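Take a look at the letters that make up each chain.
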Amino acid sequence: MTSDTPDRHRGVLARLRRRAAARSRGRRRLGAAVRLLAALMLAGGAYTVFAPGLQAQDTPQLSGAAAEGKALFDVSCISCHGRNAQGIEGRGPSLVGVGAASVEFQVGTGRMPMARQEAQAERKPRVFTSDEVRQLGQYVQELGGGPQVPAGNDLSSEGDVAAGGALFRINCSSCHAFGGGGGALSSGKFAPSLNPATDRQIYAAMLSGPQNMPVFGDNQLRPEQKADIIAYIQETLKHDRDPGGFNLGRYGPSTEGLAIFLVGIVALVFASLWIAGKS
């Protein structure tokens, strides 16, 4: 045996150790890969089991009225307001968060659906029935919440007419005029006449702030103050309730002054002619 035999043995042992270490690292890596794959499969299985419940929680089932409203929306409103009422730029705004009050005012007064984009949506005969308006409002309400009109059609029975008159003159007369006949605003817009408006439509307008109208939420006007304003409008500003007679369109002192001038001048002319004829 030569003297280099121990060195060869040590080299062989070192190579064997390295191979054993390499095999051990390979087994560890393989074991880690198996554990990772098992963890991924477990996570995927858990997601498959629990995801339907989470999805149902994020997108709750619609009530019966809201489901009917969605069917109406998909036929008549989706072309402008988009899928799920998220809006389409240049065609219609998002309705998420506007609440049932906005739908009740816009659709209940015939302002929506609009035939074309204009400076302002005008009141016209409505397309939907009262039940359909309620269903559309419920659908929008369940999409994103928002203000709602209280239940009932008579919202002014408990209102104070005198207090409502003071509130109307402070908050509403600058646009709708003291007689409620409406008036012109900028950029082709206008404040409409309040004569055809119902209790619920007036309440919905105060909650939603359509067109240029500011929003009068419960922080600005309490519900009982809204009832006072509605009582004042319905009691004193309706065109069929004019204790003084002919209302001259309720356009204010300009028409009244013109009527007085014309009537007065004509009366003076006839009086002068009559006096001249008698003399």
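Preceding block: the structure.
### Observations regarding the packing of aromatic side chains
Argument step 1. With the rule as written, the count across this model stands at 2 aromatic pairs.
Argument step 2. Summarising the aromatic geometry, the rings of F73 and Y139 are spaced 5.5 Å apart at their centres and angled 55 degrees between planes, so their arrangement reads as tilted. With F73 in helix α2 (residues 64–76) and Y139 in helix α5 (residues 130–144), this pair connects stretches of sequence that are 66 residues apart.
Argument step 3. For F73, a relative accessible area of 1% gives the class buried.
Argument step 4. The class for Y139 is buried, based on a relative accessible area of 1%.
Argument step 5. When the ring of F168 is compared with that of Y232, the centres are 5.5 Å apart and the planes differ by 45 degrees; the resulting orientation is tilted. Of this pair, F168 sits in helix α6 (residues 161–171) while Y232 sits in helix α9 (residues 223–236); the two residues are 64 residues apart in sequence, bridging distant segments of the chain.

### Observations regarding a positive patch on the surface
Argument step 1. On the surface, a cluster of positive charge is contributed by R15, R18, R19, R23, R25, R27, R28 and R29.
Argument step 2. Take R23: it is sitting in helix α1 (residues 5–58).

### Quick notes on the nonpolar core
Argument step 1. The biggest cluster of nonpolar side chains holds 22 residues, and the ones touching the most others in it are V149, F168, M206, I229 and I233.
Argument step 2. Among the secondary structure elements, those contributing two or more residues to this core are α4 (99–108), α6, α8 (199–208) and α9.
Argument step 3. Element by element, the count of residues in this core is highest for α8, at 6 residues.
Argument step 4. C77, F128, Y139 and V140 belong to the second-largest nonpolar core, a separate cluster that totals 13 residues.

### Details of the pattern of salt bridges
Argument step 1. In total, this model carries 5 salt bridges according to the counting rule given.
Argument step 2. In this structure, R200 and E104 form a salt bridge, with 2.5 Å as the shortest nitrogen-oxygen distance. Remark: E104 occurs in helix α4 and R200 occurs in helix α8; sequence separation between them is 96 residues.
Argument step 3. A residue is classified by how much of its surface remains accessible, and R200, at 16% relative accessible area, is buried.
Argument step 4. On the basis of relative accessible area, E104 is assigned to the buried category, the value being 18%.
Argument step 5. Note that K226 is salt-bridged to D218, the shortest N-O span being 3.1 Å.

### Brief notes about a nonpolar patch on the surface
Argument step 1. Taken together, the side chains of L258, F261, L262, I265, V266, L268, V269, F270 and L273 make up a nonpolar region of the molecular surface, amounting to roughly 910 Å² of accessible area.
Argument step 2. As for its position among the elements, V266 is in helix α10 (residues 253–278).
Argument step 3. Taking the relative accessible area as the measure of exposure, V266 reaches 44% and is therefore partly exposed.

### A word on α6
Argument step 1. Along α6, the residues classified as buried are G164, G165, L167 and F168.
Argument step 2. Considering only its buried residues, α6 is in contact with α7 (173–176) and α9.

### Things to note about the packing of α4 against α8
Argument step 1. Where α4 contacts α8, the axes come no closer than 8 Å and their chain directions differ by 125 degrees. For the element pair α4 / α8, the angle class is oblique. Relative to α8, α4 is oriented so that their crossing is left-handed. Mapping the contact onto sequence places A101, S102, E104, F105 and G108 in α4 and R200, Q201, A204, A205, L207 and S208 in α8.
Argument step 2. Looking at the contact of α4 with α8 residue by residue, the class counts come to 5 nonpolar, 4 polar and 2 charged.

### Things to note about unusual backbone geometry
Argument step 1. A cis amide bond, omega 0 degrees, links M112 with the succeeding residue P113.
Argument step 2. Tracing the backbone shows P113 in the loop between α4 and α5.
Argument step 3. The backbone phi angle of N84 is positive, close to 60 degrees, even though this residue is not glycine.
Argument step 4. With respect to the helices, strands and loops of the structure, N84 is situated in the loop between α3 (78–81) and α4.
Argument step 5. Of the residues examined, N84 reaches a relative accessible area of 36% and is grouped as partly exposed.
Argument step 6. Non-glycine residue Q211 carries a positive phi angle of around 50 degrees.

Criteria and cut-off values
Residues numbered from 1 in each chain as written. Predicted model: local features only at pLDDT ≥ 70, side-chain atom pairs only at ≥ 80, totals over all residues. Heavy atoms only, no water. Phe/Tyr/Trp six-rings, centres within 6.5 Å; stacked < 30°, edge-to-face > 60°. Helix = DSSP H or I, 4+ residues; strand = E, 2+ residues; numbered from the N terminus. Buried < 20%, exposed > 50% of the residue type's maximum accessible area, 1.4 Å probe, protein only. Patch = residues over 30% accessible without salt bridge, like charges linked within 9 Å, V, L, I, M, F, W, Y side chains within 5 Å. Areas by Shrake-Rupley, 256 points an atom, 1.4 Å probe, with all protein chains shown as cover. Salt bridge = Lys/Arg side-chain N within 4 Å of Asp/Glu carboxyl O. Lys, Arg positive; Asp, Glu negative; His and termini not counted. Charge placed at Lys NZ, Arg CZ, Asp CG, Glu CD. Core = buried A, V, L, I, M, F, W, Y, C linked by side-chain atoms within 4.5 Å. Contact = heavy atoms within 4.5 Å. Axes fitted to C-alpha atoms, helices over the stretch in contact; angles between N-to-C directions. Parallel < 35°, antiparallel > 145°, perpendicular 65-115°, else oblique. Left-handed = near helix turned anticlockwise from the far one by under 90°. Nonpolar A, V, L, I, M, F, W, Y, C, P; charged D, E, K, R; others polar.

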